[in-house]
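# Architecture and fold: a report
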Amino acid sequence: MSAFLALVLTVAPLEVRVLERETPSRVHLEAARFTCDGKPLPGTAVDAEVSVREVKVGEAKCTQLVAEDGVAVTVKSTQRRYAGAVRVSLEGAVLRLINVVDVEDYLPSVVKAEADGAKPAALEAQAVVSRTFAVTGRKRHERAGYHLCDLAHCQLYRGKTETSPDAEVAVKKTAHLALFIGGIVLKPAFFHSSCGGHTSRAEEIFGEGAAGSAVSDVENGAARCKTADFGWTFDVEKLDLARALGVAPTGTALEPLRRDDGGRIVDLRVFGKRVSGQEFLSKTGRAFGWQSIRSLKFTSTENDTSLHLEGTGLGHGVGLCQLGARALAERGVDAKGILARYFPESQLKPLP
């Protein structure tokens, strides 16, 4: 990535879709200023609702309503405050809300949501990883017309409503710092809850390049991220599994074909059909819940009618292991040391 492009990514605000899961048809907004298709609206509070082809605001109808400065949004029983601006437009039968926000103002909420309660060093490491993810992640929802969502698919984000002094300090202490591969290349940096003792490379899991290597996270014979729920099991009927994957329930139910250096299943065969590990995880997550099969680091036992899975860890296993980072911080390792553990090929440098 060129220095010019990195500068553009740094300077330009993020466009984050917010409150999508609320499927809002009506919202209450408070802000210092409102515009309807560029024309000022009076007052510091408005109610916006779905109209036939536009957003209805009192007697006005807007293709795009923009609220700026000290924005507060109420959707049903959910209330949020956002830095920057919120754009409201129509998307089918719901209102689409896009928060246009500077990266540094976006990060405190993310750090709190993703690493709340951790020691300062772990919070600072999370801030760097989340900043690197944000500035390189502008194409994740490009087809839909915005950069990031506020869900775990991107990074959890709740605006200014849910932040903390510790998260704000972590963001300020690491201001504008990101991970550069070899000190030169800016690529996405991922994180997950628990690696199960070994992380994985993004190329193996996602089929794309990213910061982070496949590294062992075992110390003194135990994974740093080992907690009470480190291990997990899942039992599923073969018929239900076949239905979830859209295949006929014939033959061997599950056969791992290849594992990566972290022990995660990269390719497997289910009832005779070859699928990637991520496709398997995605389809079973939608069918049985995202906490059912917690990672691709598992073994399986098959009987006549069902399948028993036993695994370790939680999440995709790429990049920063959050529970491992917490354990390192508890031992007194600073943020640079934590990042060097999970991103040994990267250097911490200011964005241009």
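Here goes a summary of the coordinates provided. Note that the structure is a prediction, hence the values are computed from the model and not measured.

## A closer look at the overall build of the chain
- In terms of regular secondary structure, the chain is built from nine helices and 26 strands.
- A compact globule built from 352 residues should have a C-alpha radius of gyration of about 20 Å, and the chain, at 22 Å, falls within 12% of that.
- The principal-axis extents of the C-alpha atoms in the chain amount to approximately 65 × 50 × 40 Å.
- Residues classed as buried in the chain amount to 48% of the 352 residues present.
- Contacts spanning at least 24 positions in sequence make up 64% of the contacts within the chain whose residues lie at least 6 apart.

## What about the pattern of salt bridges?
- Under the counting rule described, the total for this entry stands at 22 salt bridges.
- Between Arg 26 and Glu 49 there is a salt bridge whose closest N-O contact spans 3.5 Å. One end of the pair, Arg 26, is in strand S2 (residues 26–30); the other, Glu 49, is in strand S5 (residues 45–50), and 23 residues separate them in sequence.
- Taking relative accessible area as the criterion, Arg 26 reaches 45% and is therefore assigned partly exposed.

## Some words on the pairing of strand S21 (residues 265–270)
- S21 sits mainly inside the fold: five of its six residues count as buried.
- Bridge count between strand S20 (residues 255–259) and S21: four bridges; the pairing is antiparallel. Each residue of the ladder has a partner; that of Glu 255, found in S21, is Arg 269.
- Where S20 folds back on S21, the antiparallel hairpin that results is connected by five residues, among which Gly 263 adopts a positive phi of roughly 85°.
- Relative to strand S22 (residues 273–276), S21 runs antiparallel, the two sharing four bridges. Its bridge partner lying in S22, Asp 267 is registered against Ser 276.
- Once S21 ends, the chain turns through two residues before running back antiparallel as S22, passing Phe 271 with a positive phi of about 50°.

## Digging into the side chain of Ser 130
- You can see Ser 130 is positioned in helix H3 (residues 120–136).
- Beyond its immediate stretch of four places on either side in the chain, Ser 130 contacts Leu 107, Val 110, Gln 155 and Phe 191.

## Description of the side chain of Asp 150
- Relative to the helices and strands, Asp 150 resides in the loop between strand S13 (148–149) and helix H4 (165–173).
- The buried charged residue Asp 150 lacks any salt bridge, with Arg 80 as its nearest oppositely charged partner at 4.2 Å.

## Looking at the packing of aromatic side chains
- Enumeration over the complete set of coordinates arrives at seven aromatic pairs.
- Taking the centre distance of 6.1 Å and the plane angle of 45° together, the rings of Tyr 82 and Tyr 157 count as tilted. Pair noted here: Tyr 82 is in strand S10 (residues 78–82) and Tyr 157 is in the loop between S13 and H4, with a separation of 75 residues, a long-range link. Across the pair, exposure class does not vary: Tyr 82 and Tyr 157 are buried alike.

## Notes on the sheet that holds strand S14 (residues 177–181)
- With antiparallel pairing, three strands are arranged side by side in an open sheet as S15-S14-S26. Every interior strand has two partners, whereas the edge strands, strand S15 (185–186) and strand S26 (346–350), have only one.
- Sheet analysis places S14 next to S15, joined by two bridges and oriented antiparallel. In the strand pairing of S15, Phe 180 is matched with Leu 186.
- Sitting on the sheet, H3 is in contact with S14, S15 and S26, with an inclination near 70° to S14.

## So, the sheet that holds S21
- In space, the three strands of this open sheet follow the order S20-S21-S22, with antiparallel pairing throughout. The two strands at the open ends of the sheet, each matched to only one other strand, are S20 and S22. The sheet shows a mean angle of 25° between the axes of neighbouring strands, direction not considered.
- Sheet contacts for helix H7 (residues 277–288): S21 and S22; angle to S22, the most-contacted strand, approximately 90°.

## Observations concerning the state of the cysteines
- In the structure shown here, the tally under the stated rule is one disulfide.
- Note that Cys 36 is cross-linked by a disulfide to Cys 62, the S-S spacing being 2.2 Å. Disulfide Cys 36-Cys 62: the torsion about the S-S bond is -120°, which places it as left-handed. Of this pair, Cys 36 sits in strand S3 (residues 33–36) while Cys 62 sits in strand S7 (residues 60–62), and the two are 26 residues apart along the sequence.
- The exposure class assigned to Cys 36 is buried, which follows from its relative accessible area of 10%.
- Accessibility expressed as a relative area gives 0% for Cys 62, which makes it buried.

About the criteria used
Residues numbered from 1 in each chain as written. Predicted model: local features only at pLDDT ≥ 70, side-chain atom pairs only at ≥ 80, totals over all residues. Heavy atoms only, no water. Helix = DSSP H or I, 4+ residues; strand = E, 2+ residues; numbered from the N terminus. Rg over C-alpha atoms; globule rule 2.2 N^0.38 Å. Buried < 20%, exposed > 50% of the residue type's maximum accessible area, 1.4 Å probe, protein only. Contact = heavy atoms within 4.5 Å. Salt bridge = Lys/Arg side-chain N within 4 Å of Asp/Glu carboxyl O. Pairing = 2+ DSSP bridges. Lys, Arg positive; Asp, Glu negative; His and termini not counted. Phe/Tyr/Trp six-rings, centres within 6.5 Å; stacked < 30°, edge-to-face > 60°. Axes fitted to C-alpha atoms, helices over the stretch in contact; angles between N-to-C directions. Disulfide = S-S within 2.5 Å.

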